[in-house]
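# Residue-level structure breakdown
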Amino acid sequence: MTKKYTEEIEENFTPITLNEEASRCLLCLDAPCSKACPAGTDPAKFIRSVRFKNIKGAIETVRENNILGGICARVCPTEKYCQKGCSRSGIDKAIDIGRIQKYITDMEEELHMNVLAKPIKNKKEHIAIIGSGPSGLAAAGYLLLKGYHVDIYEKEKELGGYLRYGIPEYRLPNSVVDKEVNRIVSLGACVYTNTTVGKDITLEELEKKYDAVILGIGLNKAKTLPMFMNNPHVVSSISLLKEIKENKGNIKVPNNIIIVGGGDVAMDIATSLKILGSKNVACVVYEEFSEFKASEKELEGARNLDISIYDGYIPLSVNDNEVTFKHRKIDSEIKMKADLIVLAIGQEVDATNIDVEFDKNEAKTSTYNIKGTNIFAVGDISRNKEKSVVGAVRTAKEVVFEIAKYLEGK
Ligand SMILES: Cc1cc2nc3c(=O)[nH]c(=O)nc-3n(C[C@H](O)[C@H](O)[C@H](O)COP(=O)(O)OP(=O)(O)OC[C@H]3O[C@@H](n4cnc5c(N)ncnc54)[C@H](O)[C@@H]3O)c2cc1C
Ligand code: SF4
């Protein structure tokens, strides 16, 4: 288990273990793993290259299909995607595709390879991207590779969205985010950070100035419940994760923590706090274990750190720093007191002064386009079932295709 917040939790393959893992691949003809990757990263092809010791070919396959391949290798819930249908599971266990992809993309850095050709800006159109999470970044990369001019507007001081300010350092180091961001920006994007659309510049101004606008503002506002509002003992998981990551884990954490929620974000904050020294961390979760939302990997990591999990409970009332929870099915209540109460009950869109209609946190669009405008929605706020990094990459690829069609038709 991790000793430090800044140490990557997952062990790397060595050249020997990499080859052992790649040789387990059955080289399926119609490989289920490649069909199951939302971004079309094509693991069957890159694993075949690894087996034939063609690391350069493997790097090309990853990067050409997924511009954020180094990040996805670390954060994809692979058991839901590429590894889910792996034929090898029928014999023993699925091939560890994420870890093979990580080895390949780490080699790319080590060898200073850049397989993305420097684009020629041969298109006259200019496109604005609002938000630099994985969807905005991937869209920028694919548009630049097609020869468009791209400007990125980001409200934070650095690019990356939840990659930089959410996912903990032990799962996704900011050094990796920096490399992937630089690879995209160096294709020729113009970047405006500390610029909030809706405050520093309006969406209408961008609509007029640019041939197309991509809205990739993500779900950046923490959900809350009225009973927790204005309570000094309560914080949101995303604001605490941001503070921890910005300070590289150098913050003082209290000893006794209650976390309300049981998804991946709850597991991330629970694990981060435990690694940083909190003695007692308890997650109280609405779902019962059979319905759990957190990925197996994250749940297992939390359990290995002795994080207590109470499943099937909902918060009933809060009195100062004491919360009463009630079981959903059994006639049972528990009272818990803590130094800090962390809410991890989901995120929603914050579109202050952005005149776009949303339905359940998704922009109302038809094939990504907001009807009657040159605005396209991407990533978590688009009509996309996969609210994940690789899902964001997929929407970016599709939006770029739609924008090219739209601009050609103009
Ligand atoms: C703690 C945490 C852990 C996660 N772990 C995983 C994981 O392990 N694997 C996985 O696949 N997914 C994970 N996710 C989900 C994943 O991060 C999101 O699905 C993904 O980041 C969505 O990308 P996006 O580009 O749509 O939005 P975001 O990443 O949210 O980026 C939106 C960007 O828009 C900017 N912005 C917002 N409003 C404005 C404005 N008005 N003007 C200018 N800029 C603005 C924001 O500052 C931000 O940079 C996690 C999420 C969280 C919160
Ligand atoms: S990008 Fe993610 S889902 Fe796709 S092959 Fe790689 S690890 Fe699997």
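Residues numbered from 1 in each chain as written. Chains lettered and ligands numbered in written order. Predicted model: local features only at pLDDT ≥ 70, side-chain atom pairs only at ≥ 80, totals over all residues. Heavy atoms only, no water.

### Considerations on the nonpolar core
Core analysis: the largest hydrophobic core is formed by 46 residues, its most contacted members being Leu143, Ile214 and Ile403. Elements with a contribution of two residues or more to this core: α5 (69-75), β1 (126-130), α7 (134-145), β2 (149-153), α9 (174-185), β4 (212-215) and α14 (389-408). When residues of this core are assigned to domains, at least three map to each of domain 1 (15-110) and domain 2 (126-220 + 349-408). When near neighbours in sequence (up to four residues on either side) are disregarded, Ile214 contacts Ile127, Ala128, Ile129, Ile130, Ala139, Leu143, Phe376, Val378, Val399 and Ile403. (Core = buried A, V, L, I, M, F, W, Y, C linked by side-chain atoms within 4.5 Å. Buried < 20%, exposed > 50% of the residue type's maximum accessible area, 1.4 Å probe, protein only. Helix = DSSP H or I, 4+ residues; strand = E, 2+ residues; numbered from the N terminus. Domains from an automatic or database assignment. Contact = heavy atoms within 4.5 Å.)

### Some points on the domain arrangement of the chain
The parts lose accessible area when they come together, and the size of an interface is often stated as this lost area. Each assigned domain of the chain is listed with its residue range as follows: domain 1 (15-110), domain 2 (126-220 + 349-408) and domain 3 (222-346). The interface of domain 2 with domain 3 comprises 16 residues on the first partner and twelve residues on the second. Carbon and sulfur atoms supply 51% of the area buried between domain 2 and domain 3, which totals about 1000 Å² over both sides. Scanning the region where domain 2 abuts domain 3 turns up three salt bridges. Its salt-bridge partner being Glu298, residue Arg171 comes within 3.0 Å of it at the nearest N-O pair. Our enumeration of links across domain 2 and domain 3 arrives at eight residue pairs in polar contact (both at pLDDT 80 or more). (Buried area = accessible area lost by both parts, 1.4 Å probe. Salt bridge = Lys/Arg side-chain N within 4 Å of Asp/Glu carboxyl O. Polar contact = N/O pair within 3.5 Å; in protein donor to acceptor, adjacent residues only side chain to side chain.)

### Concerning the packing of helix α3 (residues 43-51) against helix α6 (residues 97-110)
One way to put it is that α3 packs onto α6 with a least axis distance of 11 Å and a crossing angle of 60 degrees. Classified by the angle between their axes, α3 and α6 sit oblique to one another. As α3 runs across α6, the sense of the crossing is left-handed. Note on element contacts: α6 touches α3 through Ile97, Ile100, Gln101 and Ile104, opposite Pro43, Phe46, Ile47 and Val50. (Axes fitted to C-alpha atoms, helices over the stretch in contact; angles between N-to-C directions. Parallel < 35°, antiparallel > 145°, perpendicular 65-115°, else oblique. Left-handed = near helix turned anticlockwise from the far one by under 90°.)

### Considering the site of ligand 2
Close contacts around ligand 2 come from Cys37, Thr41, Pro43, Asn66, Cys72, Cys76, Thr78, Tyr81, Cys82, Gln101 and Val390, and that covers them all. More than half of the atoms belonging to ligand 2 lie within 2 Å of the grid points that define the second largest cavity. When the residues that make up the shell around ligand 2 are grouped by side-chain class, the tally is seven nonpolar, four polar and no charged. (Near = heavy atom within 4 Å. 1 Å grid on protein atoms, 1.4 Å probe; cavity = no way out; pocket = protein on both sides within 12 Å on 5 of 7 lines; lining within 4 Å. Sits in = over half its atoms within 2 Å of the grid points. Nonpolar A, V, L, I, M, F, W, Y, C, P; charged D, E, K, R; others polar.)

### So, the site of ligand 1
Close to ligand 1 lie 35 residues; Val75, Ser135, Glu154, Arg171 and Val389 are nearest. Measuring from an oxygen atom of ligand 1, one finds a backbone N or O atom of Gly161 at 3.4 Å. Relative to its free-state accessible area of 1000 Å², ligand 1 is covered by the protein chains to the extent of 95%. Residue assignment for the shell around ligand 1 shows that the elements contributing at least two residues are α7, α11 (237-246), α12 (264-275) and α14. The residue makeup of the shell around ligand 1, split by class, is 15 nonpolar, 13 polar and seven charged. Summarising the domain contributions, the shell around ligand 1 has at least three residues from each of domain 2 (126-220 + 349-408) and domain 3 (222-346). (Areas by Shrake-Rupley, 256 points an atom, 1.4 Å probe, with all protein chains shown as cover.)

### Considering empty space enclosed by the protein
Under the counting rule described, the total for this entry stands at two cavities of 30 Å³ or more. When its volume is computed, the largest cavity comes out at roughly 130 Å³. Lining the largest cavity we find 14 residues, and of these Cys25, Cys28, Cys33, Cys86 and Ile95 sit closest to its centre. Taken together, the elements giving at least two residues each to the lining of the largest cavity come down to α2 (32-36) and α3. Of the residues assigned to the lining of the largest cavity, the class counts are twelve nonpolar, one polar and one charged. In this structure, the second largest cavity occupies an estimated 110 Å³ of space. In terms of lining residues, the second largest cavity is bounded by 16 residues, among which Cys37, Thr41, Cys76, Cys82 and Gln101 are the most central. Broken down by secondary-structure element, the contributors of at least two residues to the lining of the second largest cavity are α3, α5 and α6. The greatest single-element share of the lining of the second largest cavity, amounting to three residues, is contributed by α6. Looking at side-chain class alone, the lining of the second largest cavity contains eleven nonpolar, five polar and no charged residues. (Points joined across faces, edges and corners; volume = space filled by probe spheres on them.)

### What to know about the packing of aromatic side chains
Working definition: an aromatic ring pair is given by the centre-to-centre distance plus the angle between the planes. Applying the stated criterion to the full structure yields five aromatic pairs. Here the aromatic rings of Tyr153 and Tyr192 are separated by 4.9 Å at their centres, their planes lie at 15 degrees, and the arrangement is stacked. In this pair, Tyr153 sits in strand β2 while Tyr192 sits in strand β3 (residues 190-192), placing the two residues 39 residues apart along the sequence. Look at Tyr153 and you get buried, because its relative accessible area is 5%. Residues Phe376 and Tyr406 carry aromatic rings whose centres are separated by 5.5 Å and whose planes lie at 70 degrees to one another, so their mutual orientation is edge-to-face. Linking Phe376 in strand β17 (residues 375-377) with Tyr406 in helix α14, this pair joins segments that are 30 residues apart in sequence. In this structure Phe376 comes out as buried when scored by relative accessible area, which is 2%. Judged by its relative accessible area of 26%, Tyr406 is partly exposed. Above the face of the Tyr165 ring, Lys242 is positioned so that its terminal group lies 5.2 Å from the ring centre. (Phe/Tyr/Trp six-rings, centres within 6.5 Å; stacked < 30°, edge-to-face > 60°. Lys NZ or Arg CZ within 6 Å of the ring centre and 35° of its normal.)

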